[in-house]
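Secondary and tertiary structure notes
Listed below, chain by chain, are the residues.
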Amino acid sequence: MVDLEKMRTIAKETVSRDDVRYLIGWRQGTYGFRVSPHFMKGPEEAEKLIFSPLCSNNLATYLTLTEKLPVPRGEQPDSRKIAVMVKGCDSRAVVQQLIEKGIERERVFVIGCPCEGVLDLKKVEEKFPGILSPVEVEWSGDKIIFTLPDGVKEVPKGEVLAKKCLSCRYPNPVMSDITLWDEVKSLGDGNYEDVKEMEEKNPQEKWSFWKDKFSSCIRCYSCRNVCPMCYCEDCVLDRLNPQWINRSANISENSAFQLARAFHLAGRCIECGECERVCPVDIPLMALNRKLAKEVREQYEFEPGLDPESKPFQSSYRPNDKEDFIL
Amino acid sequence: MSEQFQPNVVAFLCNWCSYAGADLAGTSRIKYPHNLNVIRVMCSGRVNPLFVINAFQQGADGVLISGCHPGDCHYMEGNFYARRRFSLMNELLEYVGVEPGRFNMSWVSASEGAKWKDVVAGVVEKAKEAGPFDQFRRNKINW
């Protein structure tokens, strides 16, 4: 069960430690169902912390976004830890960053929050439109309880939970320094029914589906910016020489961008679904990511973000990898 | 169309095996289709998936990547990485609706001039069957 008091107490203790720089958690957003990341620098800010079904943000993204300012001569760089609150999926992002040596284990303090599934804001806002004042939402068994301005409403989980949560296999953090409350049962078995359905179509049907989706892309790069695995300092999409992908938003460049983005996450995507959540034109990006995750899992028995000691998928090989596609 | 469609196939050949194999096919006077545009790379592991996407954007109807047989790589393990990478690339391209015959990968060693001929004939045949690639080709802008 979620215990906010315990969460705030531990947050206070953590942020008061000498070796912790700040803590990243969640807080109430500016309106309605919105939730913002909360960067907590002192114990007095702990009261703002929340954890509810609305906390869908993956805070692991912020670990690699920390600005590294030049250090004045004679001074040592700030080597204190960053404490971060993670759900099950977010913890896999942290592990994957550790595998890739994107962050160091000594620089991060992980506070695990076992999670019973987060909401899909699009579904919620469709159900309760036009709500601007902050709302409280809680888990309660198979239901989600909404405390709205006009009364308390109960909604079954299946109707409002995000798609990725309905088939989630890792609701509990796979790695954490402290786990805040008891572990929860996983909701699904991580099947790939939607991917299999897509695979069975013929090339023309597949392309007409994806052409429609890709041509609506406005190339805002939100999906890249929010992705906890997209943290290259020199991104191939920003590079001008060589410029692999032009900046014009047409079907050719959009397809190239989408394929490149998906492929850069092959064997790395931890399926937190953030890209799809932030996409302003609703491209089913997770369908691409999940296709690659399915191949990696079924053909190579590999899953990213589970063991910090393992090697990244694409920089390792086995001599007997499958090669039935080779002429 | 009275004339048969002649596809444009881009081939990335590894310097040590496939390029030498293609050379052997040439010096042995083996005839094979002329639709190939060969790009020599030092290893099949050098080929970035973006090269493939870019080739399709710039007018390729088919792409062939060819390297040493597994275990024969001049750099010990380059083709093992390439195999993993392009197996996924192949799946991804098929998933978005690129016809299965357009993307190909093969192992051709320096002594396999005859195999090289068969591989090229197969790849060109498949590209011909699939027809001109226009799914995400870059439009030429006439300024």
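Residues numbered from 1 in each chain as written. Chains lettered and ligands numbered in written order. Predicted model: local features only at pLDDT ≥ 70, side-chain atom pairs only at ≥ 80, totals over all residues. Heavy atoms only, no water.

1. Some thoughts on the side chain of A:Arg8
Residues and elements named next belong to chain A. Along the chain, Arg8 turns up in helix 1 (residues 4-16). With relative accessibility at 12%, the residue Arg8 sits in the buried group. Arg8 has contacts with Ala46, Glu47, Leu49 and Ile50, leaving out every residue within four places of it along the chain. (Helix = DSSP H or I, 4+ residues; strand = E, 2+ residues; numbered from the N terminus. Buried < 20%, exposed > 50% of the residue type's maximum accessible area, 1.4 Å probe, protein only. Contact = heavy atoms within 4.5 Å.)

2. With respect to the sheet that holds strand 7 (residues 143-148) of chain A
All names here are of chain A. Spatially, 3 strands are ordered 6-7-8 in an open sheet, and the strand pairing comes out antiparallel. The open sheet has two edge strands with one neighbour each: strand 6 (136-140) and strand 8 (151-156). Here the average twist between neighbouring strands, direction ignored, is 20 degrees. Bridge analysis of strand 6 against strand 7 gives 5 bridges, and the strand direction is antiparallel. Paired with Ser140 across the two strands is Lys143, which belongs to strand 7. (Pairing = 2+ DSSP bridges. Axes fitted to C-alpha atoms, helices over the stretch in contact; angles between N-to-C directions.)

3. Quick notes on the pattern of salt bridges
Side chains carrying opposite charge are able to pair once their charged atoms draw close together. Residues and elements named next belong to chain A. Considering all chains together, one arrives at 35 salt bridges over all chains under this definition. Note that Asp194 is salt-bridged to Arg290, the shortest N-O span being 3.0 Å. Linking Asp194 in helix 7 (residues 193-199) with Arg290 in helix 12 (residues 285-300), this pair joins segments that are 96 residues apart in sequence. Overall, the relative accessible area of 11% leaves Arg290 in the buried class. In this structure, Glu298 and Lys294 form a salt bridge, with 3.8 Å as the shortest nitrogen-oxygen distance. Taken together, the residues Glu298 and Lys294, both in helix 12 and 4 residues apart, mark about one turn of the helix. (Salt bridge = Lys/Arg side-chain N within 4 Å of Asp/Glu carboxyl O.)

4. Focus on the packing of aromatic side chains
All names here are of chain A. All chains considered together, the criterion is met by 24 aromatic pairs over all chains. Ring centres of Trp210 and Phe214 lie 5.4 Å apart, and the angle between their planes is 35 degrees; on these two criteria the pair is classed as tilted. Here Trp210 and its partner Phe214 are both found in helix 8 (residues 203-215), 4 residues apart, which amounts to about one turn of the helix. You can call Trp210 buried: its relative accessible area is 0%. (Phe/Tyr/Trp six-rings, centres within 6.5 Å; stacked < 30°, edge-to-face > 60°.)

5. What to know about the interface of chain A and chain B
Tallying the contact residues gives 45 residues for chain A and 39 residues for chain B. Each partner contributes to the roughly 3,900 Å² buried at the junction of chain A and chain B, and carbon and sulfur atoms together form 66% of this total. Taken together, chain A and chain B are joined by 5 salt bridges. For A:Glu253, the salt bridge goes to B:Arg138, with nearest N and O atoms at 2.6 Å. Taken together, the connections running from chain A to chain B amount to 19 residue pairs in polar contact (both at pLDDT 80 or more). Elements with a contribution of two residues or more to the side of chain A that touches chain B: helix 7, helix 8, helix 10 (251-264) and helix 12 of chain A. (Buried area = accessible area lost by both parts, 1.4 Å probe. Polar contact = N/O pair within 3.5 Å; in protein donor to acceptor, adjacent residues only side chain to side chain.)

6. As for the domain arrangement of chain A
All names here are of chain A. Considered domain by domain, chain A is made up of domain 1 (4-71 + 80-179) and domain 2 (193-315). The straight-line distance from the C-alpha centre of domain 1 to that of domain 2 is 24 Å. Domain 1 puts 23 residues into the contact, and the matching count from domain 2 is 29 residues. A salt bridge links Arg169 to Glu303; the nearest nitrogen and oxygen atoms lie 2.5 Å apart. (Domains from an automatic or database assignment.)

7. Details of unusual backbone geometry
Residues and elements named next belong to chain A. The step from Asn241 to Pro242 runs through a cis peptide bond, and the omega angle for that step is 0 degrees. Within the secondary structure, Pro242 sits in the loop between helix 9 (222-226) and helix 10. Even without being glycine, Arg219 reaches a positive phi, approximately 60 degrees. Its location among the elements puts Arg219 in the loop between helix 8 and helix 9. With a phi close to 50 degrees, Glu301 is a non-glycine residue in the positive phi region. Along the chain, the position of Glu301 falls in the segment after helix 12.

8. Examining helix 3 (residues 78-95) of chain B
Residue and element names in this part refer to chain B. With 18 residues, helix 3 should cover 26 Å at 1.5 Å per step; its first-to-last C-alpha distance of 26 Å lies within 8% of that length. Counting buried residues in helix 3 gives 17 out of 18 residues, a clear majority hidden from the surface. Note on helix 3: the residue one or two positions beyond its end, Gly97, has a positive phi of about 105 degrees. (Expected span 1.5 Å × (residues − 1).)

9. Let's talk about a nonpolar patch on the surface
Residue and element names in this part refer to chain B. Among the surface-exposed residues, Trp16, Met42 and Tyr75 lie close enough to one another that they form a single nonpolar patch of about 300 Å² accessible area. Within the element layout of this structure, Trp16 appears in the loop between strand 1 (9-14) and helix 1 (18-27). Taking relative accessible area as the criterion, Trp16 reaches 36% and is therefore assigned partly exposed. (Patch = residues over 30% accessible without salt bridge, like charges linked within 9 Å, V, L, I, M, F, W, Y side chains within 5 Å. Areas by Shrake-Rupley, 256 points an atom, 1.4 Å probe, with all protein chains shown as cover.)

10. Re the sheet that holds strand 1 of chain B
All names here are of chain B. Spatial ordering of the open sheet is given by 2-1-3-4, a layout of 4 strands whose pairing is parallel. Each edge of the open sheet is held by one strand with a lone partner, namely strand 2 (36-41) and strand 4 (103-107). Taken pair by pair, the neighbouring strands of this sheet meet at an average axis angle of 20 degrees, ignoring direction. Sheet strands in contact with helix 1 are strand 1, strand 2 and strand 3 (62-67), and its direction is about 110 degrees off that of strand 1. The strands touched by helix 2 (residues 49-57) are strand 1, strand 3 and strand 4; relative to strand 3, the strand with the most contacts, the crossing angle is about 150 degrees.

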